[in-house]
Amino acid sequence: MDRRSFIKKAGVAGAGAAAATTLAAPAIAQEMPSITWRCSSGFPKALDTIYGAAEVFSDAVSEMTDGKFNIQVFAAGEIVGALEGAAAVTAGTIECAHTASYYFWGQDPTFAFGTGVPFGLNQRMTNAWLYEGGGLELLNEFYATQNMIAFPAGNTGAQMGGWFRNEINTLEDMQGLKFRIGGFGGRIIERIGVVPQGLPGGDIYPALERGTIDAAEFVGPYDDAKLGFNKVAQYYYYPGWWEGGVALLNMINLDAWNALPDTYKGIVKNASAMANSVMMARYDTLNPQVLKELAASGTQLRPYSQEILEACFEAANETYAEIAAENEMFKKVHDSYMGYRKDAYLWMQLSEYNFDTFLMLQQRAGRL
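Note that the coordinates shown come from a computational prediction; the quantities given were computed from them, not determined experimentally.

Engineer: Even after reading the chapter, I still don't get the side chain of Asn140, so can you show me in this structure?
Structural biologist: Within the secondary structure layout, Asn140 lies in helix H5 (residues 135-144). Looking at Asn140, the relative accessible area reads 14%, which means it is buried. Within the local environment of Asn140, its side chain forms a polar contact with the backbone nitrogen of Ala150, the two atoms lying 2.8 Å apart. With near-sequence residues (within four places) excluded, Asn140 lies in contact with Ile149 and Ala150.

And the structure:
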């Protein structure tokens, strides 16, 4: 067969294949079932970045299914309370909750690892552990006992360490301090004399303003400024050592998940991964600008002292050991998570750390 004959026949075959695909596409679309889920966010609509990740997920699912799979997103409190997402998913009241797993650590401390624990993994390490380090498989082994399956669908990165009405420099300054702190961090910080306060995001500002609490943490510059914390507390501390890489999850009712066609399952996984990436990108873009605005308006940035960080680190390790001695699943996930942390920092302290440190020094010197 000569070259021209081959190309001619290949062209005819290619055109036929293209026509077949064109004809088949509607048939494939028609085979997709029409499904509607309800997804409750753990956050209000006003926090457009963290709430918005659920919308990114929902929109992606709809787009990839030609509108056949519709996931309706509801803000916290519209159909389920901010701290009730896991229970509602377990019961099948809703099919999905986009939320922070550590909200439910009081039910079982193992929940905390789905979002992050004090002195744990940063954002990149969290993704690596979840996707490639066996973390998600371990967590879903645990979530299955709660009639759920979960997929990463957002991350805030390392959060700030909170707004304080007065400066804190030593452990003595922390004694009796009424501090609004979320997740597992409250149990840790209580060991050094702080009185943790559990408050929803909308209740933090009035509590700070009235002096009902002395300090509060939430997320970072962009979200915190939206809630107005800088107007009632001057000192903004860092880092949020209890939230080094805060993962948000799509928690999905296991029965609803098992009822999905395999194609839809793949779409849910990929749409969740998209939300995971977009949310972090948005925070990394928005936080620097807002931080500059906060500093210009009088906010005082302060690092936690080494004394305070060391004491909290020791308190965290003691707490983990106590819980692991009593909770087999917690120990199993903890050992995997912390083992990954050890190796990850071995690598990151080389090229990554030195590359970032050099450029940070150039930025500080005004050379960037």
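The structure having been displayed, the exposition proceeds.
Engineer: How should the packing of aromatic side chains be read in this particular structure?
Structural biologist: Two numbers describe a pair of aromatic rings. These are the distance of the centres and the angle of the planes. Counted by the stated rule, this structure contains 27 aromatic pairs. Cluster of aromatic residues (ring-pair linked, three or more members): Phe119, Phe164, Phe179, Tyr237, Trp241, Trp242, Tyr304 and Phe313.

Engineer: Looking at this model, I keep getting lost on empty space enclosed by the protein. Mind explaining?
Structural biologist: Gaps between atoms show up when a probe of the same size as a water molecule is rolled over them. Under the definition given, this model contains two cavities of 30 Å³ or more. What the largest cavity holds in volume is close to 120 Å³. Contributing to the lining of the largest cavity are 15 residues, with Tyr102, Tyr103, Phe218, Val219 and Glu243 lying nearest its centre. Along the lines of polarity and charge, the residues of the lining of the largest cavity split into nine nonpolar, three polar and three charged. Considered as a void within the structure, the second largest cavity measures approximately 30 Å³ in volume. The wall of the second largest cavity is formed by Phe113, Gly114, Thr115, Gly116, Thr126, Trp129, Leu130, Ala247 and Tyr337. Looking at which element gives the most residues to the lining of the second largest cavity, the answer is helix H4 (residues 123-131), with three residues. Here the residues of the lining of the second largest cavity sort into five nonpolar, four polar and no charged.

Engineer: For this particular structure, what's the right way to read the UniProt feature "binding site: Na(+)" (unreviewed entry) in the protein chain?
Structural biologist: When the UniProt feature table is mapped onto this chain, "binding site: Na(+)" (unreviewed entry) is found at Phe218. Looking at where Phe218 falls in the secondary structure, it is placed in the loop between strand S8 (215-216) and helix H9 (221-226). Here Phe218 is in contact with Leu47, Gln159, Arg180, Gly201, Ile204, Asp223, Asp224, Leu227, Phe229 and Glu243, once residues within four sequence places are set aside.

Engineer: Looking at this structure, I do not really get a nonpolar patch on the surface. What am I missing?
Structural biologist: A cluster of nonpolar residues, Phe355, Phe358, Leu359 and Leu368, forms a patch on the protein surface that exposes about 450 Å² of accessible area. Along the chain, Phe355 turns up in helix H14 (residues 351-364).

Calculation rules
Residues numbered from 1 in each chain as written. Predicted model: local features only at pLDDT ≥ 70, side-chain atom pairs only at ≥ 80, totals over all residues. Heavy atoms only, no water. Helix = DSSP H or I, 4+ residues; strand = E, 2+ residues; numbered from the N terminus. Buried < 20%, exposed > 50% of the residue type's maximum accessible area, 1.4 Å probe, protein only. Polar contact = N/O pair within 3.5 Å; in protein donor to acceptor, adjacent residues only side chain to side chain. Contact = heavy atoms within 4.5 Å. Phe/Tyr/Trp six-rings, centres within 6.5 Å; stacked < 30°, edge-to-face > 60°. 1 Å grid on protein atoms, 1.4 Å probe; cavity = no way out; pocket = protein on both sides within 12 Å on 5 of 7 lines; lining within 4 Å. Points joined across faces, edges and corners; volume = space filled by probe spheres on them. Nonpolar A, V, L, I, M, F, W, Y, C, P; charged D, E, K, R; others polar. UniProt positions renumbered as here; feature names shortened; annotations may be inferred. Patch = residues over 30% accessible without salt bridge, like charges linked within 9 Å, V, L, I, M, F, W, Y side chains within 5 Å. Areas by Shrake-Rupley, 256 points an atom, 1.4 Å probe, with all protein chains shown as cover. Salt bridge = Lys/Arg side-chain N within 4 Å of Asp/Glu carboxyl O.

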